[in-house]
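What the coordinates show
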Amino acid sequence: MDFVAGAIGGGLSTAVGYPLDTVKVRIQTEKHYKGIWHCIQETYRTEKVWGFYKGVTASVLTVSMISSVSFGTYKNILCAICKLRYGAAEAKPSKLDISLAGGAAGAVRVVLTTPSEVAKVRMQTQRNPHPSITSPQPVPKPKYRGSLHCLKVVAKEEGFGGLYKGCSALLCRDCSSSAIYFLTYSALCDWLTPAGKNKPGFLVVLLSGGFAGVLAWALATPMDVIKSRMQTDESEQHKYKGLIHCARESVRKEGAKVLFKGLSLNCIRAFPVNMVVFVTYEGVMRFTDHY
């Protein structure tokens, strides 16, 4: 049931946070935006509301599956660790146990995430003006007609490896942030739940989930920037040779602050998105337990 609850929570959270995710990716990969508000204005001016939702369909489906795998893997690995260390899957885990299970869930997620992240980032950074925007120049057809078409084009032009561009940065990002994510959520739930109650209330779940998301994304942002830049590096560009080269070149040209592009946006988006994830997950789990 952890897999089902995780899938529902992931799908709903994506619908909530996707527009800000598009803005975040554009700020991280393109230099001409002066800030968050400028990016929002320019995107709306040239592409209207749909510009914020490019690639959303595939993302909702993919994130649902990935969230399902993430929560399911986390729970199953945590139970296995507890059984191995304490002799019972239901034993209370330590902070280290939770961190290890969270990191493992992040690593498993990367295998499924990378191709969809490539498609999402390419779609979000693709420019194709809204039909209502009049232009004296003929508007060229977009290179990618949708997320699946994008994956097909990437595989054709860049080979199978193109679908896993940025995988190293994504692995660094997700292992560390997932460990912090689950650890923070668990620690806050324990701290905010009154003595004598064996389950946190929904307000505690909302706050714990929101703050866990903010802390995880604060840690993940530098690698998120590198990942986005590696994934927008198309076959004809070849700007980056790998994770270290991308990080070094980005810092050399734009300074160390480049690694924190989109940090405030990530944190703003993370709070409501992860509130939705955890309250949906806990709600589904409690509903099934009850019935």
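Residues numbered from 1 in each chain as written. Predicted model: local features only at pLDDT ≥ 70, side-chain atom pairs only at ≥ 80, totals over all residues. Heavy atoms only, no water.

Details of the side chain of Thr29
If you trace the backbone, Thr29 turns up in helix 1 (residues 2-29). Contact partners of Thr29, with chain neighbours within four places excluded, come to Thr125, Ser228, Arg229 and Thr232. (Helix = DSSP H or I, 4+ residues; strand = E, 2+ residues; numbered from the N terminus. Contact = heavy atoms within 4.5 Å.)

Digging into the packing of aromatic side chains
Under the counting rule described, the total for this entry stands at 9 aromatic pairs. Between Phe160 and Tyr164, the ring centres sit 5.5 Å apart and the planes meet at 40°, which makes this aromatic pair tilted. For Tyr164, a relative accessible area of 26% corresponds to the partly exposed category. With centroids separated by 5.3 Å and ring planes inclined at 70°, the aromatic side chains of Tyr181 and Phe182 adopt a geometry described as edge-to-face. Take Phe182: its relative accessible area is 2%, and that puts it in the buried class. An aromatic cluster is built from Phe71, Tyr74, Tyr181, Phe182, Tyr185, Phe278 and Tyr281, whose rings are joined through pairwise contacts. The ring of Tyr44 carries the charged tip of Lys48 above its face, separated from the ring centre by 5.1 Å. Here the basic side chain of Arg269 rests over the ring of Trp217, its NZ or CZ set 5.1 Å away from the ring centre. (Phe/Tyr/Trp six-rings, centres within 6.5 Å; stacked < 30°, edge-to-face > 60°. Buried < 20%, exposed > 50% of the residue type's maximum accessible area, 1.4 Å probe, protein only. Lys NZ or Arg CZ within 6 Å of the ring centre and 35° of its normal.)

Describing the UniProt feature "transmembrane region" (unreviewed entry) in the protein chain
When the UniProt feature table is mapped onto this chain numbering, "transmembrane region" (unreviewed entry) sits at residues 201-220. Taken end to end, residues 201-220 comprises 95% helix and 0% strand; its first and last C-alpha atoms sit 28 Å apart. (UniProt positions renumbered as here; feature names shortened; annotations may be inferred.)

Remarks on the pattern of salt bridges
Using the criterion set out here, one finds 20 salt bridges in the structure. Salt-bridge contacts for Arg109 lead to Asp174; the nearest nitrogen and oxygen are separated by 3.4 Å. Of the two residues, Arg109 sits in helix 4 (residues 95-125) while Asp174 sits in helix 6 (residues 167-192), which places them 65 residues apart along the sequence. Each member of the pair, Arg109 as well as Asp174, carries the same accessibility label: buried. Taking the shortest distance from any N to any O, the salt bridge between Glu254 and Arg229 comes out at 2.7 Å. Of this pair, Glu254 sits in helix 8 (residues 243-254) while Arg229 is found in helix 7 (residues 202-232), placing the two residues 25 residues apart along the sequence. Arg229 carries the same exposure label as Glu254, and that label is buried. Sharing partners across several salt bridges, the network here consists of Asp21, Lys24, Arg109, Lys120, Arg173, Asp174, Asp224 and Arg269. (Salt bridge = Lys/Arg side-chain N within 4 Å of Asp/Glu carboxyl O.)

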